[in-house]
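Take a look at the letters that make up each chain.
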Amino acid sequence: MIRISRRTFLKTASASAACAALWNSTPRLLANALGLPLGLQLYSVRDVLPKDYDGTLHQIAALGYREVEAAGFFGHTPAEVKRAMDGAGLRCVSAHYPLKDLLPKVDETIQFGKDLGLNYIVCSSPRLKDPSRVKDPGSRAARESMTLDDWRWNADQFNQIGEKVNAASMRFAYHNHTPEFRSENGVVFYDELLRLTDPAKLTMELDCGWAVVAGQKPAELLSRYPTRFSMLHVKDFKMTAASTPSDHPPSTEMGHGNIDYRPIFGAAKKAHIEHAFVEQEEFDMPQMEALKIDADYMRAIAG
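Residues numbered from 1 in each chain as written. Predicted model: local features only at pLDDT ≥ 70, side-chain atom pairs only at ≥ 80, totals over all residues. Heavy atoms only, no water.

(A) Layout of the packing of helix 3 (residues 78-88) against helix 5 (residues 106-116). Axis separation between helix 3 and helix 5 bottoms out at 9 Å; the angle between their running directions is 35 degrees. As for how helix 3 packs across helix 5, the hand of that crossing is right-handed. Residue-level inspection shows Pro-78, Val-81 and Lys-82 of helix 3 in contact with helix 5, the latter providing Phe-112, Asp-115 and Leu-116. Partitioning the contact of helix 3 with helix 5 into residue classes produces four nonpolar, no polar and two charged. (Axes fitted to C-alpha atoms, helices over the stretch in contact; angles between N-to-C directions. Helix = DSSP H or I, 4+ residues; strand = E, 2+ residues; numbered from the N terminus. Left-handed = near helix turned anticlockwise from the far one by under 90°. Contact = heavy atoms within 4.5 Å. Nonpolar A, V, L, I, M, F, W, Y, C, P; charged D, E, K, R; others polar.)

As structure tokens, this is what we get:
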């Protein structure tokens, strides 16, 4: 029979308890306020990702992020992207494409996403029905000039694309900025987009930050349309009392701006959100330091 001293027993028990505590806390350290894996929209690292794809992904993973959403693949094949993601311990669940790029390459884009193993293909911005009527069709000013007819045309495109994406065992989504919340003759474009699109063919990715800039309350949108949203973009802005929907307020770290995410996440829990991606568009400190603050915020608000 092996005898264990009281001191040894206590040391062993303490070590076991510490290990158990660390093990039990690990999911929380890697989770956001919705109990989902921490996610990052890779637009946040668009300047460094093309220079060091693998290294940047490893840095992101070291901060606790576990899911990412792509905003360009920088010439990499699906196999190369998947190998890099696997090597960093990340999962690429979604990818963004503006409609102007998506329309001429729908089948090619869908095949790329299928080969990569995406869950979602997302339209990141709409297109004018007739791009020739403006000087720069891809500009923010062009999006802000969109009419109700433009948005109805976009809704039709989304239904058609969504049917093709569904056939490839993925889902098609739309991501908002601010122009969607403009109106014409009392009709809010976003409401009309939701009315005209088939929920089976188009789900929504709510960019909470841009919605707030547009004067909206994301929690109310999630409550009003609880079955239409699958994903969130979470970001913060430094706004002032004079900020308008046409402004581009400075992007900042989560918790350092004006947006309170507690009511938003409270509503999101009832809306069955599947993924939430941090996105920071501008930096006044080293990017990884800022993204760590964002990740820490997402973990802290979960507590």
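Having seen the model, we can carry on.
(B) Representation of the nonpolar core within the structure. Formed by 87 residues in total, the largest nonpolar core has its most connected members in Leu-57, Phe-73, Leu-222, Leu-232 and Tyr-261. Tallying contributions element by element places helix 7 (residues 148-167) first for this core, with seven residues. (Core = buried A, V, L, I, M, F, W, Y, C linked by side-chain atoms within 4.5 Å. Buried < 20%, exposed > 50% of the residue type's maximum accessible area, 1.4 Å probe, protein only.)

(C) View of the environment of Ser-132. Examined against the element boundaries, Ser-132 turns out to sit in the loop between strand 4 (120-125) and helix 6 (140-144). Residue classification places Ser-132 among the exposed residues on the basis of a relative accessible area of 63%. One polar contact links Ser-132 to Asp-130, side chain to side chain, over a distance of 2.5 Å. (Polar contact = N/O pair within 3.5 Å; in protein donor to acceptor, adjacent residues only side chain to side chain.)

(D) Broad picture of the packing of aromatic side chains. Taken as a whole, this structure holds eight aromatic pairs when the rule is applied. Consider the rings of Phe-73 and Phe-112, whose centres lie 4.8 Å apart with planes at 35 degrees: the pair is tilted. In this pair, Phe-73 is assigned in the loop between strand 2 (67-70) and helix 3 and Phe-112 in helix 5, connecting sequence segments 39 residues apart. Like Phe-73, the residue Phe-112 is buried in the burial classification. (Phe/Tyr/Trp six-rings, centres within 6.5 Å; stacked < 30°, edge-to-face > 60°.)

(E) View of the confidence of the model for the chain. Residues with a pLDDT of 70 or more make up 89% of the chain, whose mean pLDDT is 90. Contacts for the low-pLDDT stretch residues 1-26, under 50 throughout, to residues beyond four places or in other chains number one contact. (pLDDT = per-residue confidence, 0-100.)

(F) Spatial organisation of helix 3. Among the residues of helix 3, those classed as buried are Pro-78, Val-81, Ala-84, Met-85 and Ala-88. Angular distribution of buried residues about the axis of helix 3 spans 135 degrees; they occupy a single face of the element. Away from the buried face of helix 3 by more than 90 degrees, exposed residues Arg-83 and Asp-86 are located. Elements in contact with the buried residues of helix 3: helix 2 (53-62), strand 2, strand 3 (91-98) and helix 5. Phi turns positive one or two residues past the end of helix 3, at Gly-89, with a value near 80 degrees. (Arc of directions from axis to C-beta.)

(G) Molecular detail of helix 8 (residues 189-196). Taken together, the buried positions of helix 8 are Phe-189, Tyr-190, Glu-192, Leu-193 and Leu-194. Tucked into the core, helix 8 has its buried residues touching helix 7, strand 5 (171-175), strand 6 (183-184), strand 7 (187-188), strand 8 (203-207) and strand 9 (229-234).

(H) Layout of the side chain of Thr-197. You can see Thr-197 is positioned in the loop between helix 8 and strand 8. For Thr-197, the side chain forms a polar contact with the main-chain oxygen of Leu-193, separated by 2.7 Å. A distance of 3.0 Å separates a polar atom in the side chain of Thr-197 from a polar atom in the side chain of Arg-228. Contacts of Thr-197, omitting those with residues within four sequence positions, involve Ala-155, Phe-158, Asn-159, Leu-202 and Arg-228.

(I) Just the pattern of salt bridges, in detail. This structure, assessed with the given rule, holds 16 salt bridges. The salt bridge partner of Asp-191 is Arg-224, with a shortest N-O separation of 3.5 Å. With Asp-191 in helix 8 and Arg-224 in helix 10 (residues 218-224), this pair connects stretches of sequence that are 33 residues apart. Residue Arg-224 is classed as partly exposed on the basis of its relative accessible area, which comes to 43%. Lys-235 is the salt-bridge partner of Glu-281, the closest N and O atoms lying 2.6 Å from each other. Of the two residues, Glu-281 sits in the loop between strand 12 (275-278) and helix 12 (287-300) while Lys-235 sits in the loop between strand 9 and strand 10 (236-237), which places them 46 residues apart along the sequence. Both residues of the pair, Glu-281 and Lys-235, count as buried. Residues joined in a network through salt bridges with shared partners are Asp-207, Lys-235, Glu-279 and Glu-281. (Salt bridge = Lys/Arg side-chain N within 4 Å of Asp/Glu carboxyl O.)

(J) Spatial organisation of the packing of helix 2 against helix 3. Relative to each other, helix 2 and helix 3 sit at 35 degrees, their axes nearing to 9 Å. Seen from above, helix 2 lies across helix 3 with right-handed handedness. Here Tyr-53, Asp-54, Leu-57, His-58 and Ala-61 of helix 2 come into contact with helix 3, specifically with Val-81, Ala-84, Met-85, Gly-87 and Ala-88. Residues of the contact of helix 2 with helix 3, tallied by class, amount to seven nonpolar, two polar and one charged.

(K) Focus on the sheet that holds strand 2. Spatially, eight strands are ordered 1-2-3-4-5-8-9-12 in a closed barrel, and the strand pairing comes out parallel. When strand polarity is set aside, the average angle formed by the axes of neighbouring strands in this sheet is 30 degrees. For strand 1 (residues 39-41) and strand 2, the ladder comprises three bridges, and the chain directions are parallel. Pairing of Gly-39 across the sheet is with Glu-67, part of strand 2. (Pairing = 2+ DSSP bridges.)

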